[in-house]
Structures are given as structure tokens and as C-alpha cells.
Amino acid sequence: MKIEQYSMGIGDRFGKQGVAQLGALRRAEERGVVIVPVWNKSFREHSLIGTKPEDVRVEADAAVAKAGWTHPHYVDADHVGMRTVDAFVASSDFFTLDVADFIGRTAPDGAIERFVRDMAPLKGSLRIPGVDGAFEVNDALLERVGRQYLYAVGEAGRTYRHVAAAKGAEAFVTEVSVDEAAEPQPPVELFFILGAIARERIPARTIAPKFSGKFLKGVDYVGDLRTFEREFDADVSVARHAAEVFGLPRELKISVHTGSDKFSLYPIMHRVLGRHAGAGLHLKTAGTTWLEEVVGVALSGAAGLRIVKRIYAEALARIDELCRPYTTVVEIDRATLPAPATVEAWSAEELAARVRHDPSCADFNAGMRQLMHVAFKVAAEMGAEFSSALDAAAERAGPCVADNLFQRHIAPLFLGG
Ligand SMILES: [Zn+2]
């Protein structure tokens, strides 16, 4: 199954913002850019919130019908492997096959030898159109990629075939993600990982590489912007060339899992895509919508503000537990976190200014925003109480969600400002 040139992963933890999110995509469409939505919710998010993959399908289809969205939409089994995929098979039509757990687990020697042999015609000086210079491809390089990735790609292949057997190969879009690897993949390594993916006969439409720098949840990119630009640009070229050389789907595109809100990267990505005519992109956001819900509920009235303050106080008390599943992607400077008594005295606007992602605002508090990012578990535990607060705040939260997605994400990335 094909996917359109531009797509965007939208996370909707409580399943109430689909129409607002489509509103943001509609505004892009009015400006001439079609970005198709992919609802993504991982196994971890489902378990923390107590939802099931079929709930996302029901919500997505209902939102599409209600909003009158006429382009395709997808539901992503986000970061699945053999252990977790079964619950997603019926309701998803996009599968992000995450092999990070298996990177570095070594395939049998014979398998590595066969990989090196199959890739041998590419030995020597490899040029990738669009990437400066040439890469020296020899047995040592191929063996290294084989040792590092062959087993993991084989695991992706097993998961892919498992889904294809159940649904039919034409019924879903496949992404392979190596973004949770310990180290970024240099272009030539990504190229041969794609070679391994093609050998496994996985018709990957998107590939999520790991980039240098830190992609922390809910806050901006931490790293060198020029390095990112070079890596992203090279990866776009690598995807195109690998598709041609290895016979992967022609529209194979790069997927950037932003952990939401990598604002400083969007103008760069826009510029790079402009240099590669026809190149596509999948951008995955998730927590950014939940944080706008927090802002919307806080601004919705006294009862909403009280609930948000309670969520914060409880999250602060349980900070170790809440951050534990996110050790590599949440970095909170605890000294910056206000005491609950301080927060108690704040007005709704004062609280919103700390959490809303406006780095130019002097009151913005990145630590507090990251803590609220992982605090959706606390809100989920409140059950109907939080859910009704969200319903009561719908008129306030909806525009927060839509404006955030459009103005802070879609416009700078897909429209160039
Ligand atoms: Zn990811």
C-alpha cells in the first residue's frame, strides 16, 4: 500500500482531538499542501492510558467523517515488534516496525557472509547522487553493517510477514524505524540497512533513521543544526538512491520522529526538501497535542485549572516513576520545577505560559513542560473526572490543538513559514 508524499503522525492520547487535528491539516490543504494524517499511539501509550488499538481506529474514522476529510488517513501500530504487534493487526493500516531492541544482536555467521556476498557488486567507490564525495565500500564495512543490523532487520521481516499473512500485503503501509538505536547511522550505513531491508522483501515506504543530537520529548532539538542539516539532506538522497538500487518502493521517504516540537529543525527540513524535488516526508508528533489539552483545560475555567494543578502536584510527587519509561528522551532539571504551593497561586494564564511551547516567552519552563508531557498517565488514572474536564474544555482545547499543530509545526515545515 502506498502513502502520499507528505504525512504526519498525530498522537491523540485521549481520543478527543481528531477533528481539531484535521482542522490544522485542512488549513495546509487550503494553502495547497496535502498532508495526510496518521494516528499514532504506541503499545506503551496504550498500556499507560488503558486504551486499545481499536479505540484509535474508531476515533480516527469518526473524526474523518465528522470533519469531512476527503484524503486518505491511516492508523499506525507505532513502534511494534513481534511481541506487541498482534493487538494492532486488525485496526491498523500503517505499521512502524521498530527493531531498536535487536540492533547489535548478531546474526549467524553464514547469514552475514551471504549478506556480504549479495552486496559485493556494490564494492569499490560508491557515489550517492546528492551526497558529496564517494564512500569506500569493502568487506569490512559490509560485515560491520551485517553484524550490527542484519538480525534486527530479520526481526522486522518476521513482523512484516506476520502482518502481511494476516491482512494481505497490499492492506498496509510499512515503516522501519531504527531511530531508537544507540548511535546515528552514517549515510553509507543507512544505505546498506536499506539493502538489508530490501533483501528481506519488506516494502518499506518510510525509514526512520537516528540523527545526531538529542530529541527530548516536548522540547526543542538539542544539538548542532548544521550537522542535522547535513545528515537529513544525506538521508533524503540515500533513501532515493537505495530505492532505485535495491528496488524498494520508489516513494520511500524519511520519517522524522520528533518527540514533538523540534522547532529549530523545521526550517532546515523545509529547505532540504526544497532541494530534492518530489522528496516526501513523514513527521511524527504525539505529545504536543496532549500538552495543548493541558493548556486548554487550564484556561477553561476554575474547575479545569484545579485539575491541571492537581495533575502537576501528583506528577511531581511521582516524577521518578513517570520518567522511568522515558529515560533516554526526558531530561528534567529538577531545580527548575516549581513547588506545588507556588503553582497553586498561579492564574490560568500564568500556568499556561509555563507549559505552552513558546521559547521566546520568559515564563516558559522546559522542565515543567517535560514533566507534564509524561504526566498523561496521572490524567488517565483520574478516569472520568479528567475525561469530563476535557469535554467541558472542548471549546478552549480544540483551537489550542489546531493552532499549535498548524502554526508551530505544519507552517514552518511544510509551507516554509
Ligand atoms: Zn521513534
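Scroll up to find the structure.
Residues numbered from 1 in each chain as written. Predicted model: local features only at pLDDT ≥ 70, side-chain atom pairs only at ≥ 80, totals over all residues. Heavy atoms only, no water.

To continue, consider the pattern of salt bridges. Taken as a whole and judged by the stated rule, the model has 29 salt bridges. The closest approach of N and O atoms between Glu-29 and Arg-26, which form a salt bridge, is 3.3 Å. With Glu-29 and Arg-26 both in helix H1 (residues 18-30) and 3 residues apart, this pair spans about one turn of that helix. Where Lys-214 meets Glu-331, a salt bridge forms, and the shortest distance between an N and an O atom there is 3.0 Å. Note that Lys-214 is positioned in the loop between strand S8 (204-208) and helix H7 (225-246) and Glu-331 in the loop between helix H11 (319-323) and helix H12 (340-344), a separation of 117 residues in sequence. Residue classification places Glu-331 among the partly exposed residues on the basis of a relative accessible area of 41%. Look at the salt bridges and you will find they share partners, linking Glu-314, Arg-318, Glu-321, Lys-377 and Glu-381 into a network. (Salt bridge = Lys/Arg side-chain N within 4 Å of Asp/Glu carboxyl O. Helix = DSSP H or I, 4+ residues; strand = E, 2+ residues; numbered from the N terminus. Buried < 20%, exposed > 50% of the residue type's maximum accessible area, 1.4 Å probe, protein only.)

Most of strand S9 (residues 253-257) is tucked away, with 5 of its 5 residues classed as buried. With H7 bridging S8 and the parallel S9, this β-α-β connection has right-handed handedness. As paired strands, S9 and strand S10 (residues 281-284) are joined by 4 bridges and run parallel to one another. Considered in S10, the bridge of Val-256 is made with Leu-283. Taking the sense of rotation as the criterion, the β-α-β connection linking S9, helix H8 (residues 266-275) and S10 turns out right-handed. (Right-handed = clockwise from strand over helix to strand, strands pointing away. Pairing = 2+ DSSP bridges.)

The next subject is helix H14 (residues 366-374). A large share of H14 lies buried, amounting to 8 of its 9 residues. By the burial criterion, the buried members of H14 are Gly-367, Met-368, Arg-369, Gln-370, Leu-371, Met-372, His-373 and Val-374. Structurally, H14 contributes buried residues whose contacts are with helix H9 (287-299), helix H10 (302-317), H11, H12, helix H13 (348-355) and helix H15 (376-381). With a side-chain oxygen lying 3.0 Å from the backbone nitrogen of Gly-367, the N-terminal cap of H14 falls on Asn-365. (Contact = heavy atoms within 4.5 Å. Polar contact = N/O pair within 3.5 Å; in protein donor to acceptor, adjacent residues only side chain to side chain.)

Each pair of packed helices can be summarised by the angle the axes make with each other and by the distance between the axes. Where H10 contacts H14, the two axes come as close as 10 Å, and the packing angle between them is 90°. By the angle between their directions, the pair H10 and H14 is classed as roughly perpendicular. Only Met-368, Leu-371 and Met-372 of H14 make contact with H10, whose side of the interface consists of Val-308, Ile-311, Tyr-312, Ala-315 and Leu-316. Taken together, the residues that form the contact of H10 with H14 break down as 8 nonpolar, no polar and no charged. (Axes fitted to C-alpha atoms, helices over the stretch in contact; angles between N-to-C directions. Parallel < 35°, antiparallel > 145°, perpendicular 65-115°, else oblique. Nonpolar A, V, L, I, M, F, W, Y, C, P; charged D, E, K, R; others polar.)

Attention shifts here to the layout of surface pockets. In this model, the largest pocket occupies a volume close to 1200 Å³. As for the largest pocket, its lining consists of 46 residues, and the residues nearest its centre are Arg-44, His-79, Asp-98, Asp-179 and Glu-180. Among the elements of the structure, strand S2 (36-42), helix H2 (43-49), strand S3 (74-80) and S9 are those that each provide at least two residues to the lining of the largest pocket. The class makeup of the residues in the lining of the largest pocket is 16 nonpolar, 15 polar and 15 charged. (1 Å grid on protein atoms, 1.4 Å probe; cavity = no way out; pocket = protein on both sides within 12 Å on 5 of 7 lines; lining within 4 Å. Points joined across faces, edges and corners; volume = space filled by probe spheres on them.)

One finds Phe-192, Ile-197, Phe-232 and Met-269 to be the most contacted residues of the largest nonpolar core, which totals 97 residues. Element by element, the count of residues in this core is highest for helix H5 (residues 139-167), at 11 residues. Contacts of Met-269, omitting those with residues within four sequence positions, involve Phe-228, Phe-232, Val-256, Leu-281, Leu-283 and Leu-413. If you look at the next biggest cluster of nonpolar residues, it comprises 43 residues, including Cys-323, Ala-348, Ala-379 and Leu-390. (Core = buried A, V, L, I, M, F, W, Y, C linked by side-chain atoms within 4.5 Å.)

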